[in-house]
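# Topology and contacts: notes
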Amino acid sequence: MAVKIFKKSSIPGVVITQFVNDVPQGCSTPDFEKKPVTLTLQEGKNAVFRAVVKGVPAPEVKWSRTRKGMDDPAKYEMSFNSATNEFILQIKSLVLDDSDLYRCSAVNAYGEASCSAGLRIIQGRTGSSGLTGPLRKTLQDSKKLLKKVTAPKPKPLDKEAVWQLLLHADKRDYEKICIKYGIVDFRGMLRKLQEMRKDTESEQDKLIQNLKNFEHIRVNKDGNATFSLEMELKNSNSNVYLLKDGERLRYGTGDEYRKHCLRRVGRRYYFTINDVQPEDAGVYQVRVEDVPIFSTELDPQAIPARFRQPLSDVRCAEAGDAEFQCVLCTPCHESLWLHKSRPLQASEKHQMSVTPDGLTHKLIVRNVGPSDSGLYTLDVGQGSSSAWLVVECEWLAAGCSHGLLAKTAHFPLGGEEALRSGPGRDAMLSRAGGYADGAGGEGFSGEVLKGEPAELSCTVSKDNVTGTWFKDGLKLTSMDGVVFEKKGLVHKLIINKVEDIHAGKYRFEGGDVKTEASIFVEVDKVLLKNLTSVPTVAKAGEGVKLRIPFEGRGPIRAAWLKDRMELGDDSRIRVDKTDTCTTLSISSCNRKDCGDYKVRLKNDSGVLEINLKLMVIDKPQPPAGPIKIVESSANNITIQWKPPKDDGGKPVQRYLVERQQMGRNDWETLGETPRSCTSFTMSKVEEEMSYYFRVRAVNAEGASDALESGEVKAAGKASPGAPDPPEIISASRDTITISWKAPRKTGTSQIKGYMVQKRKKGTVTWMPVTNVPVKGGYPESWHCLVGLKRQKCQLGSGYEFRVAAVNAAGTGQPSDPSEPTFARDPLKSPGQVQDLKVSSSDSTSVTLTWNRPEVQDGNYVKGYEVEMRPCNSLSWTKCFTLPAESTSCRVQGLQAREKLFLRVRALSDGGPGEAAELEACAGAAAPAVSPRLLIDDTVKSFLVIKAGNPIRVKIPFEGSPEPVVTWLKDGLPLPSHAAVSTEDGTTQLLLRAAEFSDSGTYTVELENGLGKRETFNIPQPPGAIRLEENVPGTVTVTWDPTASENWEKNLYYTVLKRESQKGPWHVLGDLIYNNKFTFTRVVPGRDYYFRVVAKNDLGASDPSETVQPWRIRKTKAEFRVKAQKYRGVNQNQPPRFLVPLKSHVVVTGSECRMSCAVGGHPPPKITWYKDSRDLSRDPNYFCTNDFGVCSLVVLGVTKQDEGEYMLEASNEVGRAFSKAFLAIKGNLALLFPCGTQVVSLLPSASKMVPSELYLLTKQWHIWAALLNS
């Protein structure tokens, strides 16, 4: 029976269900170490959930969601990161429907653990809020297309450049950079950045004193990009470099105009890229010498489009054609035209054109009407240009004579400015939308100063039209200050003196004409009274009232703001408003009320903002703590603090310092310090007494609250600690010299001297050596040696010594006793060993033997010390850690034929004796090894170096005896500035600053002491190529051997071909060790070019090529078959397929051949079809029919050749069909830039198809190119 036991997890929100009663020992139910978290993301981004689970056996992790399934693998990607043990669910291209609850469950045989995480999607913002859904989507898709087309393709970056960019980027940009460059392990990225930051800072500290205040790259409105940093160099002569995508740029530092400029102001460095173009996008890096300092990226989308000729306003008569033209600085073949923020499609009405160079864009609007007026915009992705179209209607023609249309034509409805009417000016009416003869027109609006005259006029087409005026929808028959006039075709409404009542919307109706216009009275300029720019000052705790009077046409709305937040009524703050003023009242102000206030006044005519400043003064805050104890001794105590963070609006004048003794309630004032001093020293303290201290800051408003310290204890008098045990320096029959180090703990006062005591070995009584302390040095380094001589020591007696330090508190603890020593004269050292010689040797060791020295005065030998030194060194080293006890030893670890000096000396109680020395040599060398270069994938055979950069090439080698290394350049000795060093089986070439003359081929020669010589270089090119057709349908390629065959052992050839004069080269044969190759797959009628390259372990030679193309011309033979006539026998047979067609899957660019066998009588007619299209006359397909064997050859297949192919065989008896499908598989290629040549690798593991110079990693070339920017 199934069991379900619910357990509690250590992770909140995780539910664990146990399936069995008892879990076996060593096993466990699943649980979460890290559960997925709820996410809130914007529409269009990717969501990533991460979880880490545990359990034995390892549980299986499953993901699900509540409302629907997760069956789409392209949408939901589930993976496991073995480096972090994370199970990852990635949801791509989020939409609103992805908002749901996602569940993660881990299951094994003993239970299940599950948890949930929510995903909330925020709808993406668009810039055209007034557009409908489908129209908005069309506009967004069009803009995305523009960005895709116009944005230049970024140059691929190496991994080091990406990590440097992340190292200096803002944390909020980490996600964008990781997604852009394919970094998915966010935690690993953060760990690596932390390690890189430590390494980078250690390198920067060697060159830079101070580095801060980075500003990333920005493009200003003038089209220039700038980034800066603040940097102080330790050495002002250090070189500062600017790189783009890893390539060094030359920049100007003076007043001359350069593309890239550096300007230094104090410690700040400003880097400028003038006249930014799309090709300037990339990663820019600042380096000091070879150390990266700062990296920033110029995004292609941040580069605005540059217009050589922007759009200009167009005036056009009704029913005419309006033309807009714009000229760009950079080409754009895909652009978007908009009319009033709505995208336009090419049609007979709107004709769009782009010149072939993509610079000139035209829009022609045919048969314009009033509805076509408005703002037209050309959007090219990174920028846009706009202009107005003004349609001049016939019924406004009369208005032009008064100069009215010219004043208003530039600002139709929806413009950025309103119409204005001053003294003697008229505000024209335009047509109202939705009426006959005025369809699509929209009313103008005008602003008139209060008290000034205004006039509205309308011209109709007929004289007998009776007009009617309306205001705000009400018919006007009479109005104070308003006069109605009619002169011929012109109807006027005249206002002699504009007042507030005249503001509103006016409409004229006459016949079939209905037009509208609005009048605004300019009274929104608020008149401030009795206000100055002096800040309002108040004391803390008092009430404050800020009153702002105003005038204007109502209703006027007033709002008070502080720190961009609108103030509302609460327990302290109140906002009042009347028809003439607004007041802000603060009942009890404090320091938090200080700051800038803004009053915003708004009515239907405009907005006015007033800035005010309120200053509240108060007592300062307490000094910033904590109180630090700088010094505490038996005589004085010194304390220190920091100034207060807020001085109360008045400068701090002084500080008050007080003290309280532990056990008492009263505080004692110690003194004052000026505001510039934040420390105090008190000398009247008692030993080992505890105190409390407090400090107050004082300004003109009073003293602050106190900053109190913890318990501070004055030090008492303490005696010094024990020194280290004394050391015996020398001993004789009547004198023993000892030395010791000062004690680590000196107490509370300086050491005055030392008491020295002695005792005989084996006794317990210590006797003083002197009656007064011995004066000794006492530096702060604690490493002073003090010497003492004691006379009248008993001859032959053993003594032990100890010392004790003395200070003002008394004598300290004594040290531990020294090693016992005897009062006797030193013994004589033993004599020199006898008969030192080398008894045997091999390639790695030498064996020494000797005889004991003569014994003198009973001074017996206790051991022997063996030392050695190389011939080129003067320093001796011990061969053994312990002395040798016998009179022979073996010295190991030597090199073959190594010469060295050895010496042996005897050891006794009297010290080491005189050394005996001899010269020795190791045995024979190891067997001779021919010189050989040890080349692997780390050795580059081809280098491109910028001028000025260093060139360093290391080549490992081997050989016995060690070969002599010689470097050559183009077969000649190296230039004088090239340095070569060889040691430990490695040779290195170093050029500190590359020059253009350093370009060339460098060769290494190895020659050993046995006369063997080895030269390493790339082979010379092969000789002339000859082509022959020995077998029909094939071509045999033969060539003269390269001159390198005379000395090169591992030489072989590679044959390549191409089928056009400019097509890519393809490998036909590789690893060819003779001078002949036959190519069999020749297509008749096609031109072929052949190339042969000689190769060795280091690389490839220059190619040898054919100049004239090779072609096989094949003429079809005519066959005549005369059928024998038979009587009474009908041999006719319908067509049938003996071998049907088969489907093929080929790679793009290769050749495909389809074949089948057809039978029938009479011989059927063969017709090929692709997707029901006849291929008989298509020159791209080569069809053959040889005695019923039908073939179709597709040369250089592309994606368009994919589809269904059918062969139809028909004769007079019947028909037969055979079908097959051709699938095209994409060819993935890796491209490696090598100068101006291309290195390509096909994905086939068995074939490597190089270009004309395929660079093997076992070749090294050094090319230095001088780059002039």
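Residues numbered from 1 in each chain as written. Predicted model: local features only at pLDDT ≥ 70, side-chain atom pairs only at ≥ 80, totals over all residues. Heavy atoms only, no water.

Taking an unreviewed UniProt entry as the reference, the chain is identified by name as Immunoglobulin superfamily member 22 belonging to Malurus cyaneus samueli.

This part covers the overall build of the chain. Secondary structure assignment for the chain yields 5 helices and 99 strands. When burial is assessed residue by residue, the chain has 41% of its 1269 residues classed as buried. Residue pairs at least 24 apart in sequence account for 62% of intrachain contacts in the chain once pairs closer than 6 positions are excluded. For the chain, the accessible surface area stands at approximately 72,600 Å², while carbon and sulfur atoms represent 49% of it. (Helix = DSSP H or I, 4+ residues; strand = E, 2+ residues; numbered from the N terminus. Buried < 20%, exposed > 50% of the residue type's maximum accessible area, 1.4 Å probe, protein only. Contact = heavy atoms within 4.5 Å. Areas by Shrake-Rupley, 256 points an atom, 1.4 Å probe, with all protein chains shown as cover.)

On to the pattern of salt bridges. Counted under the stated rule, the structure contains 48 salt bridges. One salt bridge in this structure joins E867 and R905, with 3.9 Å as the shortest N-O distance. Here E867, found in strand 66 (residues 863-870), pairs with R905, found in strand 69 (residues 899-908); they are 38 residues apart in sequence, far enough to count as distant. Note on E867: relative accessible area 9%, which makes it buried. Members of the salt-bridge network, linked through shared partners, are R65, R67, K75, D98 and D100. (Salt bridge = Lys/Arg side-chain N within 4 Å of Asp/Glu carboxyl O.)

Attention shifts here to the nonpolar core. Judged by nonpolar contacts, the single largest core of 26 residues is most densely connected at F32, F49, W63, L89, I91, Y102 and L119. For this core, the elements supplying multiple residues, two or more each, are strand 4 (39-42), strand 5 (47-56), strand 6 (60-65), strand 8 (86-91), strand 9 (100-108) and strand 10 (111-122). The biggest single contributor to this core is strand 10, with 5 residues. Excluding its chain neighbours within four sequence positions, the residues that come into contact with I91 are K45, N46, A47, F49, K75, Y76, D98, Y102 and L119. (Core = buried A, V, L, I, M, F, W, Y, C linked by side-chain atoms within 4.5 Å.)

Across the 7 residues of strand 3 (residues 28-34), 5 count as buried, placing the element largely inside the fold. Where strand 3 lies against strand 5, 4 bridges are found, and the strand directions are antiparallel. Among the inter-strand pairings, K34 is bridged to a residue of strand 5, identified as V52. (Pairing = 2+ DSSP bridges.)

On to the pairing of strand 13 (residues 240-244). Burial runs high along strand 13: 5 of the 5 residues are buried. Side chains of strand 13 alternate between two faces, with V240, L242 and K244 and Y241 and L243 buried alike. Pairing geometry for strand 13 and strand 17 (residues 282-288), over 5 bridges, is antiparallel. Counted as the bridge partner of Y241 is R287 from strand 17. Connecting the antiparallel pair strand 13 and strand 14 (residues 247-249) is a turn made up of 2 residues, with D245 showing a positive phi of about 55°.

Here we come to the packing of helix 3 (residues 174-181) against helix 4 (residues 186-204). Across the interface, helix 3 lies against helix 4 with an axial gap of 12 Å and an inter-helix angle of 105°. In terms of orientation, helix 3 lies roughly perpendicular with respect to helix 4. For the pair formed by helix 3 and helix 4, the contact residues are Y174, E175 and C178 on the first element and F186, M189, L190, L193 and R197 on the second. (Axes fitted to C-alpha atoms, helices over the stretch in contact; angles between N-to-C directions. Parallel < 35°, antiparallel > 145°, perpendicular 65-115°, else oblique.)

Glancing now at the environment of A540. The residue A540 is located in the loop between strand 39 (536-539) and strand 40 (544-549) in this model. The class of A540 is partly exposed, set by a relative accessible area of 28%. For A540, the contacting residues outside a window of four places in its chain are C589, V616, I617 and D618.

Let us now look at the sheet that holds strand 17. Within a sheet, each strand pairs with its neighbour through backbone hydrogen bonds, oriented either parallel or antiparallel. On the basis of which strands lie adjacent, the open sheet formed by 4 strands has the order 14-13-17-18 and antiparallel pairing. On the outer flanks of this sheet lie strand 14 and strand 18 (291-298), each paired with one strand and no other. Shown here is a sheet whose adjacent strand axes are inclined to one another by a mean of 30°, direction ignored. The pairing of strand 13 with strand 14 spans 3 bridges and is antiparallel. Its bridge partner being in strand 14, K244 is matched across the sheet by E247.

This next bit is on helix 3. Among the residues of helix 3, those classed as buried are Y174, I177 and C178. One face of helix 3 carries all of its buried residues, which in axial projection span an arc of 100°. Facing away from the buried surface of helix 3 by more than 90 degrees, the exposed residues are K176 and I179. G182 sits one or two positions beyond helix 3 and adopts a positive phi of about 75°. (Arc of directions from axis to C-beta.)

The subject of this paragraph is the confidence of the model for the chain. Summarising the model, the chain shows a mean pLDDT of 78, and 82% of its residues fall at 70 or more. The low-confidence segment residues 125-132, where pLDDT is below 50, has 10 contacts with residues more than four positions distant or belonging to other chains. Note on residues 777-792: pLDDT is under 50 here. Beyond four places in sequence and across chains, it has 42 contacts. (pLDDT = per-residue confidence, 0-100.)

The strand order 89-96-95-91-92 describes an open sheet built from 5 strands, whose pairing is mixed. One side of each edge strand has no neighbouring strand; the edge strands of this open sheet are strand 89 (1144-1147) and strand 92 (1173-1174). Of the pairings in the sheet, the one linking strand 95 (residues 1203-1210) to strand 96 (residues 1215-1225) comprises 8 bridges and is antiparallel in character. Within the sheet, the bridge partner assigned to L1207 lies in strand 96 and is S1218.

On to the packing of aromatic side chains, then. What characterises a pair of aromatic rings is the spacing of the ring centres plus the angle enclosed by the ring planes. What the rule picks out here adds up to 19 aromatic pairs. Look at Y1052 and Y1073: their rings are 6.2 Å apart centre to centre, the planes differ by 55°, and that puts the pair in the tilted class. Of this pair, Y1052 sits in strand 83 (residues 1052-1058) while Y1073 sits in the loop between strand 84 (1066-1072) and strand 85 (1076-1079); the two residues are 21 residues apart in sequence, bridging distant segments of the chain. Y1052 gets classed as buried once you look at its relative accessible area, which sits at 11%. When the ring of F1079 is compared with that of Y1088, the centres are 5.8 Å apart and the planes differ by 70°; the resulting orientation is edge-to-face. Since its relative accessible area comes to 1%, Y1088 is described here as buried. Through a chain of ring-to-ring contacts, three or more aromatic side chains come together here, namely F214, F227, Y251, F271, Y284 and F294. Between the NZ or CZ atom of R507 and the centre of the ring of F470, over which it lies, the distance is 4.5 Å. (Phe/Tyr/Trp six-rings, centres within 6.5 Å; stacked < 30°, edge-to-face > 60°. Lys NZ or Arg CZ within 6 Å of the ring centre and 35° of its normal.)

What follows is about the environment of E885. Take E885: it is sitting in the loop between strand 67 (877-878) and strand 68 (888-891). Placed 24 residues apart in sequence, E885 and V861 show a C-alpha to C-alpha distance of 9.3 Å. Beyond its immediate chain neighbours, meaning those up to four positions away, E885 contacts R852 and Y864.

Now for unusual backbone geometry. Of the consecutive residues V56 and P57, the connecting peptide bond is found in the cis state with omega at -5°. Considering the arrangement of structural elements, one finds P57 in the loop between strand 5 and strand 6. Along the chain, H1161 connects to P1162 via a cis peptide bond; the corresponding omega equals -5°. If you check the backbone angles, N213 has positive phi at about 55° while not being a glycine.

Moving on, we get to the environment of V964. If you trace the backbone, V964 turns up in strand 75 (residues 964-969). Non-local contacts of V964, meaning those with residues more than four positions away in its chain, are made with E1005, L1006, E1007 and N1008.

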